[in-house]
Amino acid sequence: VLTLDDAVVRDTSGQEMDGAHGIGLGVEGASARVARGILGRNRVVGVYATGAGTMLALEDAVVRDTLAQTSDGAHGRGLVVQVGARASAVRVLFEHNREVAVFAGGTGATLTLADTTVRDTLPQESDGEHGVGLGVELASVEGARLLLDAGRQVTGTAGDYQVNGARTYGTLNIGGSLGTVVSFV
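Small disclaimer: the values here were computed from a predicted structure and weren't measured. Residues take numbers from 1 onward in each chain, read along the sequence in its written order. Totals for whole chains, interfaces and linings use every residue, but because this is a predicted model, local features are given only for residues with pLDDT of at least 70 and side-chain atom pairs only at 80 or more, for both listing and counting. Calculated side-chain values reflect all of the structure's heavy atoms, with hydrogen atoms and water omitted.

1. Some details on the overall build of the protein
- Broken down by element type, the protein carries one helix and 14 strands.
- Taking all 185 residues of the protein together, the buried fraction comes to 43%.
- Contact between two residues is taken to exist if any of their heavy atoms lie within 4.5 Å; hydrogens are not considered. When contacts within the protein are restricted to residue pairs at least 6 apart in sequence, long-range pairs at least 24 apart make up 67% of them. Helix numbers and strand numbers start at the N terminus; a helix is a DSSP run of H or I with at least 4 residues, a strand a run of E with at least 2. Whether a residue is buried, partly exposed or exposed follows from its accessible area with a 1.4 Å probe, protein chains only, as a fraction of its type maximum: under 20%, in between, or over 50%, in that order.

2. Section: the sheet that holds strand S6 (residues 45-50)
- When DSSP locates at least two bridges between a pair of strands, those strands are taken to pair. Sheet architecture is open: five strands sit in the order S3-S6-S8-S10-S12, paired in parallel fashion. Whereas interior strands pair on both sides, the edge strands pair on one side only; in this sheet they are strand S3 (25-28) and strand S12 (132-137). Averaged over all neighbouring strand pairs, the angle between strand axes comes to 5°, with direction disregarded. Only the stretch in contact is used when fitting a helix axis, every axis being a line fitted to C-alpha atoms; angles between N-to-C directions are given from 0 to 180 degrees.

3. Points about the pattern of salt bridges
- Criterion for a salt bridge: a side-chain nitrogen of Lys or Arg within 4 Å of a carboxyl oxygen of Asp or Glu. The full count for this structure, using the stated rule, is 11 salt bridges.
- One salt bridge connects Arg64 with Asp65, and the closest N-O pair in it is separated by 3.9 Å.
- In this structure, Glu99 engages Arg77 in a salt bridge whose closest nitrogen and oxygen atoms are separated by 2.8 Å. With Glu99 in the loop between strand S9 (86-95) and strand S10 (100-105) and Arg77 in strand S8 (residues 77-82), this pair connects stretches of sequence that are 22 residues apart. Each member of the pair, Glu99 as well as Arg77, is classed as buried.
- Beyond isolated ion pairs, a larger network of salt bridges with shared partners links Asp5, Arg33 and Glu59.

4. Some details on the pairing of S3
- Burial along S3 is one-sided: the residues Leu25 and Val27 are buried and none of Gly26 and Glu28 is.
- When S3 meets S6, the two strands line up parallel, connected through four bridges. In the strand pairing of S6, Glu28 is matched with Thr50.

5. Some thoughts on the packing of aromatic side chains
- Pairing of aromatic rings covers Phe, Tyr and Trp, the last counted by its six-membered ring, and requires centre-to-centre distances within 6.5 Å; plane angles under 30 degrees mean stacked, over 60 mean edge-to-face, and any other angle means tilted. Following the criterion strictly, the structure yields zero aromatic pairs and no others.
- The lysine or arginine in question, Arg77, covers the ring of Phe103, its NZ or CZ lying 4.5 Å from the ring centre. Distance and angle both matter: a charge sits over a ring if NZ of Lys or CZ of Arg is within 6 Å of the ring centre and within 35 degrees of the ring normal.

6. Observations concerning the nonpolar core
- The term nonpolar core refers to a set of buried residues drawn from Ala, Val, Leu, Ile, Met, Phe, Trp, Tyr and Cys, joined through side-chain atoms within 4.5 Å. Core analysis: the largest hydrophobic core is formed by 28 residues, its most contacted members being Leu56, Leu58, Leu79, Phe94 and Leu111.
- If we skip the residues at most four places from it in the chain, Phe94 touches Leu58, Val63, Gly78, Leu79, Ala89, Ala101, Val102, Thr116, Thr117, Val118 and Arg119.
- Judged by nonpolar contacts, the second largest core, of six residues, contains Val44, Val80, Phe103 and Val132.

7. Points about unusual backbone geometry
- The backbone phi angle of Val44 is positive, close to 70°, even though this residue is not glycine.
- Within the secondary structure, Val44 sits in the loop between strand S5 (38-40) and S6.
- Residue Val44 is classed as buried on the basis of its relative accessible area of 8%.
- A positive phi angle, close to 55°, is found at Leu138, a residue other than glycine.
- If you trace the backbone, Leu138 turns up in the loop between S12 and strand S13 (140-149).

8. Some words on the confidence of the model for the protein
- For every residue, the predictor assigns a confidence score, pLDDT, that lies between 0 and 100. Chain-level pLDDT for the protein is 86 on average; 84% of the residues reach the 70-or-more range.
- Scored below 50 in pLDDT, residues 172-176 shows one contact in the model against residues more than four places distant or in partner chains.
- Predicted confidence is poor over residues 179-185, with pLDDT under 50, and the contacts of this stretch with residues over four places away or in other chains come to 24 contacts.

9. What about the pairing of strand S11 (residues 110-119)?
- Relative to S11, S9 runs parallel, the two sharing eight bridges. From the neighbouring strand, Phe94 faces S11, where its bridge partner is Val118.
- Note: S11 against S13, eight bridges, orientation parallel. Across the sheet, Thr110 pairs through a bridge with Ser140, a residue of S13.

10. Points about the environment of Ala32
- Turning to its location among the elements, Ala32 is positioned in strand S4 (residues 31-35).
- C-alpha separation for the pair Ala32 and Leu58, spaced 26 residues apart in sequence, amounts to 8.6 Å.
- Contacts of Ala32, omitting those with residues within four sequence positions, involve Leu2, Val27, Met55, Leu56 and Ala57.

Right, here's the structure in full:
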C-alpha cells in the first residue's frame, strides 16, 4: 500500500528518448491513498489507476494543470480509472486539466466522487478537441455533491461537444448514480 500524506507531485516529464508518458501517479495491481496532496503540471495523466485489484483513494486533494504528452500533444487528463480498478475522490478539485478532467472507462472500472469540483477543463493540445469535465465509458460512476463547470459551453469553446447558441447550460442525469450535480456557469 502506498500512502502519500501532505505530498506534492509536480512537473513530471516524458521519457527523454521520445517524450512519451510523464504520469504524476500511476497505480496498477496495488493500493494507494493520497491525502492532502497536490498533483500539478504532470504529463498525460495526473493520477492513473488500472487493472483488477487496484484501489485508489484521493482525499482533500488537488489535481490541476495536467499537460499533454510531449511527443504528440495528446491527453492531459486529471484522473483516469480503467479496466477493473476502483477509485474514490472525496473533497477533490480537478482544474485546468486537458481533454477529459475525470475519466472512468472499461469493464469493471468503478469511480466514486463526493464533494468534488471539476472546472475549467481545456481541449487537448494536439487537435483542440474535447474539454470534457467527466467522461464515462463502460464503467460505473457514483457521485454526490459534485460541481461540474459548464463554462466552455456558454463561451462557445467546447469543440465537437459544443451546443450551438448555448447561453445557459445544465446537466441531466438519466439512469446513472449521480446525485446533487450542479452545473456552474
